[in-house]
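Reading the structure
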Amino acid sequence: MKIITKTSILLIFTVIFSCSKKENEIIFDTSFLGNRLDSVVNLGEDKYVAFINPVFEPVNNSPWFAFGISSKSTKLIELTLNYGKYKHRYIPKLSLDKKSWKKIDKKNIYIDSVKGTATIKLNVYPQKTYIAAQEIESSKDTYLWMDSILTKNPKFKKVVAGKTALGKNNYCLEFKNDVTKNAIVLIARQHPPEIPGGTIGFKAFFEELVSNTKVANTFREKFNIYTFPLLNPDGVDLGHWRHNAKGVDLNRDWIDFSEPESKTVKNYIETKVKKGKKIQFAIDFHTSYSGPYLLVLDSINTAKSKKIIPDWIQKIEMNSNFKVEARRRSQKLPYCYNYFINKFGCEAVTYEEGDEVDRGIIKKRAKRYALSLMETMLAKHNNNEL
């Protein structure tokens, strides 16, 4: 199977559009990690079509796009996003610095539900504007965040847990507690475009676990925490819609374990268990067009469980205005959370956010979910139910 590398992508960009595409005065820039833009056609009269295609197929309808745009002088253009046989999904986000983002104004976008395209009206300036399906978060950005966590929480360690398909380091943030055998596992960003849940929600959730609150401090006294903040850095940096560098959907690889990324988690966690640790809970963070919701155990496994999930959901709803939609899935499916259920007999969920949910609400929900999970698991621990 062909592996797509950063080097080959840059070579293609150099040949086709020399890392930026000039159409009269308009410059389309793809010289940053996480970009996705295949070609641009100038229709004249300040009208352009941007073609966005997946690197690998088959793929679900998750058309990631990310590029910069500027001009020699300020002008208003009309830009159509064309995804070929796929349909528009994400409301374009705009930024001048890739840090602060806002959705494009509704009055400036027209979605053709028949053709599957989106046409936006955009003021283009000499200063570059970034346009993306979701906020851009490259591996570099995530690793800087990880380093900030380590600075504030020196008891956490950044461990090279394995390698990616391109041979890059794949990291685990580890909170090691030799006093207790109990542990939880967090995994994020298997699918590159899933920023709302896989990055924004995940970070807020994790930051609650490592906070200096009484609950969080007590939780860390009772539980080890193994966290994989960015399981698919290759796919993220290459601007893939869903896959790793070998064209594999990682969240369908938790039975075969054909990929180094899923093998990394398997080998790392199973080594911990062989040394005496016990996985009590796992969460895999994602984003869906129909989120937020949790994928939970089927009815048979729920009946056999320690009831962490139902008690957690009850605590969330009792102490907040959030209502939790729990969707049952068969434990025969090759999903990440099912690996933990089937291998370790623990409870696990897939944590799904929604594409366009307000980012403040995403953070608030994640913090509440994290707090309620810690309270639930501490209660189970104190009652000798774990």
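See the structure printed just above.
Since this is a predicted model, take the numbers as computed values, not measurements.

1. Digging into the pattern of salt bridges
The full count for this structure, using the stated rule, is 20 salt bridges. Residue R242 is joined to E194 by a salt bridge in which the shortest nitrogen-to-oxygen separation is 3.8 Å. In this pair, R242 sits in the loop between α5 (233-237) and α6 (260-274) while E194 sits in the loop between β14 (182-188) and α3 (195-209), placing the two residues 48 residues apart along the sequence. Across the pair, exposure class does not vary: R242 and E194 are buried alike. When salt bridges that share partners are traced, they join E25, D46 and K75 into one network.

2. As for the packing of helix α4 (residues 214-222) against helix α10 (residues 359-382)
Contact geometry of α4 with α10 gives a least axis separation of 10 Å together with a crossing angle of 50°. Taken together, the axes of α4 and α10 are oblique relative to one another. When the axes of α4 and α10 are compared, the crossing they make is left-handed. Contact with α4, carried on its side by V215, A216, T218, F219 and K222, involves L371, M374, E375, M377, L378 and H381 of α10 and no other residues of that element. Grouping the amino acids of the contact of α4 with α10 by side-chain chemistry returns seven nonpolar, two polar and two charged.

3. Thoughts on the side chain of E352
Along the polypeptide, E352 turns up in strand β19 (residues 347-354). Salt bridges are absent for the buried E352, whose nearest opposite-charge side chain, R89, sits at 7.0 Å. Within the structure, the side chain of E352 is placed 3.3 Å from the backbone nitrogen of S288, a separation counted as a polar contact. With residues near it in sequence (within four places) discarded, E352 still touches H286, T287, S288, G291, P292 and Y293.

4. Re the packing of aromatic side chains
Counted under the stated rule, the structure contains 29 aromatic pairs. Residues W254 and F257 carry aromatic rings whose centres are separated by 5.7 Å and whose planes lie at 80° to one another, so their mutual orientation is edge-to-face. Classification of F257 by relative accessible area gives buried; the value is 10%. Taken together through their ring pairs, the aromatic side chains of W145, F156, F175, F202, F205, F206, F281, F285, W312, F322, Y351 and Y369 make up a single cluster. In this structure, K158 packs its charged tip against the face of Y171, placed 4.8 Å from the ring centre. One cation-aromatic arrangement involves R327 over Y293; the distance from NZ or CZ to the ring centre is 3.6 Å.

5. Some thoughts on α4
Here α4 has its buried residues at A216, F219 and R220. Seen end-on, α4 carries its buried residues on one side only, within an arc spanning 95°.

6. Things to note about the layout of surface pockets
There is about 610 Å³ of room inside the largest pocket. K98, K99, I136, E137 and K203 are the residues nearest the centre of the largest pocket, which is lined by 21 residues in total. The set of elements that each furnish at least two residues to the lining of the largest pocket consists of α2 (139-152), α3 and α10. The element that contributes the greatest number of residues to the lining of the largest pocket is α3, accounting for six residues.

7. Re empty space enclosed by the protein
Per the stated rule, a full pass over the model turns up three cavities of 30 Å³ or more. Considered as a void within the structure, the largest cavity measures approximately 60 Å³ in volume. Around the largest cavity sit L33, G34, W64, I136, E137, S138, R189, P192, P193, V236 and G239, which together line it. Looking at the lining of the largest cavity residue by residue, the class counts come to six nonpolar, three polar and two charged. In this structure, the second largest cavity encloses a volume near 40 Å³. The wall of the second largest cavity is formed by E137, T142, W145, R189, G198, T199, F202, K203 and P229. Looking at the lining of the second largest cavity, the elements that each hand over two or more residues are α2 and α3. The greatest single-element share of the lining of the second largest cavity, amounting to four residues, is contributed by α3.

Analysis parameters
Residues numbered from 1 in each chain as written. Predicted model: local features only at pLDDT ≥ 70, side-chain atom pairs only at ≥ 80, totals over all residues. Heavy atoms only, no water. Salt bridge = Lys/Arg side-chain N within 4 Å of Asp/Glu carboxyl O. Helix = DSSP H or I, 4+ residues; strand = E, 2+ residues; numbered from the N terminus. Buried < 20%, exposed > 50% of the residue type's maximum accessible area, 1.4 Å probe, protein only. Axes fitted to C-alpha atoms, helices over the stretch in contact; angles between N-to-C directions. Parallel < 35°, antiparallel > 145°, perpendicular 65-115°, else oblique. Left-handed = near helix turned anticlockwise from the far one by under 90°. Contact = heavy atoms within 4.5 Å. Nonpolar A, V, L, I, M, F, W, Y, C, P; charged D, E, K, R; others polar. Lys, Arg positive; Asp, Glu negative; His and termini not counted. Polar contact = N/O pair within 3.5 Å; in protein donor to acceptor, adjacent residues only side chain to side chain. Phe/Tyr/Trp six-rings, centres within 6.5 Å; stacked < 30°, edge-to-face > 60°. Lys NZ or Arg CZ within 6 Å of the ring centre and 35° of its normal. Arc of directions from axis to C-beta. 1 Å grid on protein atoms, 1.4 Å probe; cavity = no way out; pocket = protein on both sides within 12 Å on 5 of 7 lines; lining within 4 Å. Points joined across faces, edges and corners; volume = space filled by probe spheres on them.

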